[in-house]
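# Structural characterization, general
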Amino acid sequence: ATLSINGNASSGIFSVSIGVTASISGLTITNGRGFGGGAIINFGTLTLTNSAVSNSTTQYAGGDIYNINATLTLASSTVSRIHRAALLLSPRRTM
């Protein structure tokens, strides 16, 4: 990824609402901090391509990404923070 966003451990970085389709490409997302999903909370449809998400924390679940009743596609991307699980997927969802 060539462009970076650093949340400075002060807030979540991206939120995808129910019914929204979003794509992120070529982005490094680091140091998010949220209640659920330190960097990204996804309730819609999200595709990450050629991106990296890391070093985010949460008070609840999904250290880097919290994906609840949503669709998440990772293409040539990494999710690497291990704090209350790097990635939380809701039941019956696949990647």
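A few points on the structure. (Residues numbered from 1 in each chain as written. Predicted model: local features only at pLDDT ≥ 70, side-chain atom pairs only at ≥ 80, totals over all residues. Heavy atoms only, no water.)

### A look at the overall build of the protein
When you go through the protein residue by residue, the secondary structure sums to zero helices and 13 strands. The secondary structure elements of the protein, listed N-terminal to C-terminal, are β-β-β-β-β-β-β-β-β-β-β-β-β. Taking the intrachain contacts of the protein between residues at least 6 apart in sequence as the baseline, contacts between residues at least 24 apart amount to 59%. With the model as given, the accessible surface of the protein reaches about 5000 Å², and the carbon-plus-sulfur share is 52%. (Helix = DSSP H or I, 4+ residues; strand = E, 2+ residues; numbered from the N terminus. Contact = heavy atoms within 4.5 Å. Areas by Shrake-Rupley, 256 points an atom, 1.4 Å probe, with all protein chains shown as cover.)

### Describing the environment of Gly7
Note on placement: Gly7 falls in the loop between strand E1 (3-6) and strand E2 (14-16). In this structure Gly7 comes out as buried when scored by relative accessible area, which is 10%. Placed 31 residues apart in sequence, Gly7 and Gly38 show a C-alpha to C-alpha distance of 9.2 Å. Among residues more than four places away in sequence, those in contact with Gly7 are Ile13, Thr30 and Asn31. (Buried < 20%, exposed > 50% of the residue type's maximum accessible area, 1.4 Å probe, protein only.)

### Notes on the side chain of Ser77
Among the structural elements, Ser77 can be located in the loop between strand E11 (71-75) and strand E12 (78-79). At 3.1 Å, the side chain of Ser77 and the backbone oxygen of Leu48 are in polar contact. Among the polar contacts listed, one links the side chain of Ser77 to the backbone nitrogen of Asn50, at a separation of 3.3 Å. (Polar contact = N/O pair within 3.5 Å; in protein donor to acceptor, adjacent residues only side chain to side chain.)

### Some points on the sheet that holds strand E4 (residues 27-30)
What the four strands build is an open sheet, ordered E1-E4-E8-E12; its pairing is parallel. Two strands lie at the open edges of the sheet, namely E1 and E12, each paired on one side alone. Here four bridges tie E1 to E4, and the two strands are oriented parallel to one another. Of the residues in E4, the one forming a bridge with Leu3 is Leu27. (Pairing = 2+ DSSP bridges.)

### Observations concerning the nonpolar core
Looking at soluble globular proteins, one finds that nonpolar side chains tend to be buried together. In terms of nonpolar packing, the biggest core is built from eleven residues, these being Val16, Ile24, Leu27, Ile29, Ala39, Ile40, Leu46, Leu48, Val53, Ile65 and Leu72. Those elements that place two or more of their residues in this core are E4 and strand E7 (45-49). Among all residues touching Ile29, those that are not within four sequence positions of it are Ile5, Ile13, Phe14, Ile24, Ala39, Ile40, Ala52, Val53 and Ser54. (Core = buried A, V, L, I, M, F, W, Y, C linked by side-chain atoms within 4.5 Å.)

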